[in-house]
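Chain and residue survey
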Amino acid sequence: MSNRFPSSHMTLPFSELSGFAPLFRTYVTNYEALSGYFGGNPADDTDVQDLVQRTVTHPRDRDNLVLALHRQAELFHADVASRSNIDQLQHPEAAVIVTGQQLGLAGGPLYTLYKTITTIQLARKLTKKTGKPVVPVFWLESEDHDLPEAAYLNIPNQTELNKIAYTGHILPEKGNLGPVGRIAFSEQINEVLAEVEAALMPTDFRAELMALIRSEYLPGATFCVAFARLLCKLFAGTGLVMISPDDPALKTLSIPLFQKAIQEKDSLYQALSTTSNELLAAGFHAQVTPRLVNLFYVHEGTRYAIESAESGYQLKGHHRTFTEGELLAEIAAHPTCFSPNVVLRPQMQDFLLPTAVYVGGPGEVAYFAQFKKVYEWSGTPMPIIFPRASATLMEPRVRKIVDRNQLHWPDLAGNVDTYFQNLVKRFSNGKMDAVFDSTLQVLATEMDQLKPLVIAQDGSLDRAVEATRTNLFNELEKLRKRVLQAEKRNYDALRDQVWKARLALFPDGLQERNVSFLYFLNKYGTDLITLLLDKLDVETQAHQVIEL
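Notes on the structure follow. Being a predicted model, the structure only gives us computed values, none of them experimental. (Residues numbered from 1 in each chain as written. Predicted model: local features only at pLDDT ≥ 70, side-chain atom pairs only at ≥ 80, totals over all residues. Heavy atoms only, no water.)

With that settled, consider the pattern of salt bridges. Within the structure shown, the criterion is met by 26 salt bridges. Put simply, K451 and D462 hold a salt bridge, and the shortest N to O gap is 3.2 Å. Taken together, the residues K451 in helix α19 (residues 431-457) and D462 in helix α20 (residues 462-505) connect sequence positions 11 residues apart. Among the charged side chains, a network of salt bridges with common partners joins D448, K451, D462, E466 and R469. (Salt bridge = Lys/Arg side-chain N within 4 Å of Asp/Glu carboxyl O. Helix = DSSP H or I, 4+ residues; strand = E, 2+ residues; numbered from the N terminus.)

See below:
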């Protein structure tokens, strides 16, 4: 690895940072308070290893799973290490560690790297500890239909986040364009990447990075394939396996689960509602709102929620209806038309994969807290929910600002103007004005004592004494004004530095959620991923700070 990363590492409790809900903070610091809602303690190696054993003994169609993964590996240009891990899944004692997310433009924000790295690290650790093959898997959220959420990225400039969006497809007034993973980029993607390149500062790595992005994000490529191929290249050699659920073979394997979600919808709804109400009563929040039907139907290019209706079922916002028998028959005949919602998606994932651990962010930890009874409903072992690494990358220039100005930088997430004013008070404490006022008082006293002595020598010098007093006072006030102007310039510089630190560390919220990882790969090269694989701690009970 390159020596240009003399990095250091520290942690902060999540309680010192805004943006982490009480449920998540409790989960990472006091698991026992929430143990009834989860399948095992992520910080307990015994729980994790027991879950691996329970997972591998649960029956799954490994043969057809492996065939589907190899077909996808071909499409995603996966390397030998990844394909070898796919073969490992045929082993009856092989388990997987899964993470996943939406198909963010050009890979999405920084937490894409953190999720993936946590998954790879944990798979390596569990392989050594259990002696069983444990494979890292990235579940591509290719069926999500929220195009605006997937079609942009943020690159910081000197003063703000520069939001760059793909707008090559216009959303209809009502509805959506169907699963984002299926959408192919128009020629407008070339304009987007030109804008990205212009937003990235010139560095030794920019040309190579943009060539990498352009090799996958090009007209005609889909969101899913471009995203998967990019991650395959960035994590080459790690054995990371990509899986898209929007696959005919995987949908065919999932027919029993989809039909169960219709036939036993009431018990599924009850399972989710009971847990949601318990969490609310305990003072936590419910991330997911229970729905009676947890499937979508893709019809004429639009992904529709299926709702209960008088006739049986209907597509939300569409006139098409089904009886229950018709809907079950449609699932059997055309499973590719169906996709799970947020409740059923983990069930599909773990119905197909021998998932021992799911690596998720704070929001995902919260919705999995609602799902233990859902796993009991499906009869699938609930994986351990492992918090992904949460981190802030602190560059040297930012570290200098923090140290020089003695900033408690987590406070920059709040009201920066208030923080700045408190900082000014701490540094100045009104001392300068007080010293000038004291000097003026001393000068006035001395002049009062001098005046009668001068007049005693020559009475005509009375006016001269007063003129001298006035001149001295005026000069002192001029000096005060110049000093205060200099102080203001210093504070203006301080304000500028405080805002620069805020933009670097909390750009519209946590850095990891809002900044494209391209910004850092452009500055530090893809060696940064090697650094993070080495430096990010798999013990993720606190927020990590990586100083570059």
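This paragraph deals with the packing of helix α11 (residues 255-263) against helix α13 (residues 324-333). α13 packs onto α11 with a crossing angle of 165° between their chain directions and a minimal axis gap of 9 Å. Taken together, the axis directions place α11 and α13 in an arrangement best described as roughly antiparallel. The crossing of α11 and α13 is right-handed. Contacts from I255, F258, Q259, I262 and Q263 of α11 reach α13 at E324, L327, L328, I331 and A332. A per-class count over the contact of α11 with α13 returns seven nonpolar, two polar and one charged. (Axes fitted to C-alpha atoms, helices over the stretch in contact; angles between N-to-C directions. Parallel < 35°, antiparallel > 145°, perpendicular 65-115°, else oblique. Left-handed = near helix turned anticlockwise from the far one by under 90°. Contact = heavy atoms within 4.5 Å. Nonpolar A, V, L, I, M, F, W, Y, C, P; charged D, E, K, R; others polar.)

Note on soluble globular proteins: their nonpolar side chains tend to be buried together. One finds F38, Y217, F223 and W409 to be the most contacted residues of the largest nonpolar core, which totals 155 residues. Look past the residues within four positions of W409 in its chain and what remains in contact with it is L12, L17, T392, M394, V402, L505, F506 and V545. By size, the runner-up hydrophobic cluster in this structure holds 16 residues, among which are V52, V134, V357 and V538. (Core = buried A, V, L, I, M, F, W, Y, C linked by side-chain atoms within 4.5 Å. Buried < 20%, exposed > 50% of the residue type's maximum accessible area, 1.4 Å probe, protein only.)

By volume, the second largest pocket amounts to about 310 Å³. Forming the walls of the second largest pocket are 19 residues, and the residues nearest its centre are P156, N157, Q158, R397 and Y519. Where the lining of the second largest pocket is concerned, the elements lending two or more residues are α17 (396-404), α20 and α22 (517-524). (1 Å grid on protein atoms, 1.4 Å probe; cavity = no way out; pocket = protein on both sides within 12 Å on 5 of 7 lines; lining within 4 Å. Points joined across faces, edges and corners; volume = space filled by probe spheres on them.)

What follows covers the environment of L393. Tracing the backbone shows L393 in strand β14 (residues 391-394). The class of L393 is buried, set by a relative accessible area of 2%. In sequence terms L393 and L110 are 283 residues apart; their C-alpha atoms lie 9.5 Å from each other. In this structure, L393 is in contact with L110, Y114, L505, Q511, F520, L528, L532, I546 and L548, ignoring residues within four places of it in sequence.

Here we come to helix α14 (residues 344-352). Counting buried positions over the nine residues of α14 gives eight, a clear majority of the element. Listed as buried for α14 are L344, R345, P346, Q347, M348, Q349, D350 and L352.

We now examine the environment of Q263. Tracing the backbone shows Q263 in helix α11. Sequence separation between Q263 and V288 is 25 residues, and the spatial gap between their C-alpha atoms is 21 Å.

Across the sheet, five strands lie side by side as β10-β9-β8-β7-β11; this open sheet has antiparallel pairing. Both outer strands of the open sheet, β10 (321-322) and β11 (338-340), are each paired with one neighbouring strand and no more. Here strand β8 (residues 302-309) runs beside strand β9 (residues 312-315); their pairing, made up of four bridges, is antiparallel. Residue A309 lies in a different strand from β9, and its bridge partner there is G312. (Pairing = 2+ DSSP bridges.)

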